[in-house]
Amino acid sequence: MNQFALFAVLLIVVVSAFILPPLWLGLRSTSKADRKEANLAIFRDQLAELAREKAEGSLAEADFEQARHELQRRLLEEVEPATAGGAAPAATHGPSRKMAIVILVLLPILGLLGYGILGNPKALDPVQTAAPQQMTPEKINEMVTSLAEKLKANPDNIQGWLMLARSYKSMGRYDEAVEAYAKAEKAINDDPDQLASYAETIAMANGKGITGKAVQLVERALKIDPNHGHSLFLAGAAAMEAGDNKKGIAYWEALLPQVEPGSDIDRMLRSGLDKMKAGK
């Protein structure tokens, strides 16, 4: 039970403790026994008042006797019905118990309905409110290893190999990334994004720059899309490394309109263009 549910239950219990006992145990407001007890107290007070007036001389003996007899008569009228049956009638419960049951049932129902309308019901679900599991390097390695094992059993899963290649690349495991890309090479011949990423991975793996097969992959990507940004960048870098400044300038000048002016890549491209132009 989460904190909200616990608080709601406690709140219902507290409210019920104040509301329900008077309704459940409460008697009718005016029972006969209570009324008679009050009348007897009044008669005693009146009799004492008569005796005081007689003692003070403000009430004659005859008047005192007449008033006392009248009080006694009224007192008997109150006492006799109670003693005739042997006991005073028991007080009875009113319809308040039914009301107590209704309130007891409706309190949690109305509370849940109100929260469903005005609150956030998803907050009651521990699954919804649980903090996302932190992805540690160990967890990532475990997931990548699991994917590699699954691909051994299902080598025709092209999307799986591409996912594994990107994972290895992001982890800096370039040789393994190249092997994973090779498994899916036939399926990415028409995808300039994947071709450029494959070429870049090969360059990172061999540590010799963009040469050989990496250049072929970039050229294939530019045949599909001559304005492909990633491929233009790699092609310009390859031309600069090869000393072909004319090609390098053409590639990077075609790329400049696609980058944000003043950004890091913009400044890097302009610096490279200046060097290549100066090397003519």
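Residues numbered from 1 in each chain as written. Predicted model: local features only at pLDDT ≥ 70, side-chain atom pairs only at ≥ 80, totals over all residues. Heavy atoms only, no water.

Enquirer: Looking at this model, I keep getting lost on the overall build of the protein chain. Mind explaining?
Expert: From N to C terminus, the protein chain includes 13 helices and zero strands. Going residue by residue from the N terminus, the α and β elements of the protein chain occur as α-α-α-α-α-α-α-α-α-α-α-α-α. When the 280 residues of the protein chain are sorted by exposure, 26% land in the buried category. Contacts in the protein chain between residues at least 24 apart in sequence constitute 52% of all its contacts with a sequence separation of at least 6. Accessible surface, the protein chain: about 18,800 Å² in total, of which carbon and sulfur atoms supply 60%. (Helix = DSSP H or I, 4+ residues; strand = E, 2+ residues; numbered from the N terminus. Buried < 20%, exposed > 50% of the residue type's maximum accessible area, 1.4 Å probe, protein only. Contact = heavy atoms within 4.5 Å. Areas by Shrake-Rupley, 256 points an atom, 1.4 Å probe, with all protein chains shown as cover.)

Enquirer: Sorry, what's going on with the packing of helix α7 (residues 158-170) against helix α8 (residues 174-183) here?
Expert: Between two packed helices, both the angle of their axes relative to each other and the distance between the axes serve to describe the pair. Taken N-terminus to C-terminus, the directions of α7 and α8 make an angle of 160°; their axes are 8 Å apart at the nearest point. Between α7 and α8, the crossing angle belongs to the class labelled roughly antiparallel. The chirality of how α7 crosses α8 is left-handed. Along the contact surface, α7 presents Ile-158, Trp-161, Leu-162, Leu-164, Ala-165, Arg-166, Tyr-168 and Lys-169, while α8 presents Tyr-174, Glu-176, Ala-177, Ala-180, Tyr-181 and Lys-183. Here the residues of the contact of α7 with α8 are counted per class, giving 10 nonpolar, no polar and four charged. (Axes fitted to C-alpha atoms, helices over the stretch in contact; angles between N-to-C directions. Parallel < 35°, antiparallel > 145°, perpendicular 65-115°, else oblique. Left-handed = near helix turned anticlockwise from the far one by under 90°. Nonpolar A, V, L, I, M, F, W, Y, C, P; charged D, E, K, R; others polar.)

Enquirer: What is the right way to read the packing of helix α12 (residues 245-255) against helix α13 (residues 264-278) from this model?
Expert: Packing of α12 against α13 brings their axes to within 10 Å, and their N-to-C directions diverge by 155°. It follows that α12 is roughly antiparallel to α13 by the angle criterion. Between α12 and α13 lies a crossing whose hand is left-handed. From α12, Asn-245, Gly-248, Ile-249, Trp-252, Glu-253 and Leu-255 reach across to α13, where they touch Met-268, Leu-269, Gly-272, Leu-273, Met-276 and Lys-277.

Enquirer: What is the right way to look at the confidence of the model for the protein chain in this model?
Expert: Detailed reading of the predicted model is not advised wherever pLDDT is low. Looking at the protein chain, the pLDDT average stands at 76 and 60% of residues meet or exceed 70. Mean pLDDT per element in the protein chain: helix α5 (residues 126-129) is the minimum at 56, and helix α10 (residues 213-224) is the maximum at 95. In this model residues 82-93 is a low-confidence stretch, pLDDT under 50, and it forms 14 contacts with partners more than four residues away in sequence or in other chains. (pLDDT = per-residue confidence, 0-100.)

Enquirer: Looking at this structure, I do not really get the side chain of His-228. What am I missing?
Expert: Counting through the fold element by element, His-228 comes out in the loop between α10 and α11 (229-242). With residues up to four places along the chain from it excluded, the contact list for His-228 reads Pro-192, Asp-193, Ala-196 and Leu-222.

Enquirer: Help me understand the pattern of salt bridges in this model?
Expert: Oppositely charged side chains can form a pair if their charged atoms are brought close together. Considering all chains together, one arrives at seven salt bridges under this definition. One salt bridge in this structure joins Glu-200 and Lys-169, with 2.7 Å as the shortest N-O distance. Taken as a pair, Glu-200 in helix α9 (residues 192-206) and Lys-169 in helix α7 lie far apart in primary sequence, 31 residues in all. For the pair Glu-200 and Lys-169, one class covers both residues: buried. Across the pair Asp-264 and Arg-267 runs a salt bridge whose closest N-O atoms are separated by 2.3 Å. A residue pair is termed a helical-turn pair when its members lie 3 or 4 positions apart in one helix, as Asp-264 and Arg-267 do in helix α13 at three residues. A relative accessible area of 59% means that Asp-264 is categorised as exposed. (Salt bridge = Lys/Arg side-chain N within 4 Å of Asp/Glu carboxyl O.)

Enquirer: What should I look at first to understand the packing of aromatic side chains in this one?
Expert: Aromatic ring pairs are defined here through the distance separating the ring centres and the angle between the ring planes. This structure, assessed with the given rule, holds two aromatic pairs. Judged by centre distance (5.7 Å) and plane angle (10°), the rings of Phe-233 and Trp-252 are stacked. Of this pair, Phe-233 sits in helix α11 while Trp-252 sits in helix α12, placing them 19 residues apart in sequence. Taking relative accessible area as the criterion, Trp-252 reaches 4% and is therefore assigned buried. (Phe/Tyr/Trp six-rings, centres within 6.5 Å; stacked < 30°, edge-to-face > 60°.)

Enquirer: Teacher, can you tell me more about α13 here?
Expert: One turn of the α-helix equals 3.6 residues, which is why residues spaced by three or four share an orientation. In this model, α13 (15 residues) spans 21 Å end to end at C-alpha, consistent with the 21 Å of a helix rising 1.5 Å per residue. For α13, the complete set of buried residues consists of Asp-266, Leu-269, Gly-272, Leu-273 and Met-276. Along α13, the residues classed as buried sweep out an arc of 130° about the axis, all on the same side. Away from the buried face of α13 by more than 90 degrees, exposed residues Asp-264, Asp-274, Lys-275 and Ala-278 are located. Along its buried surface, α13 packs onto α11 and α12. (Expected span 1.5 Å × (residues − 1). Arc of directions from axis to C-beta.)

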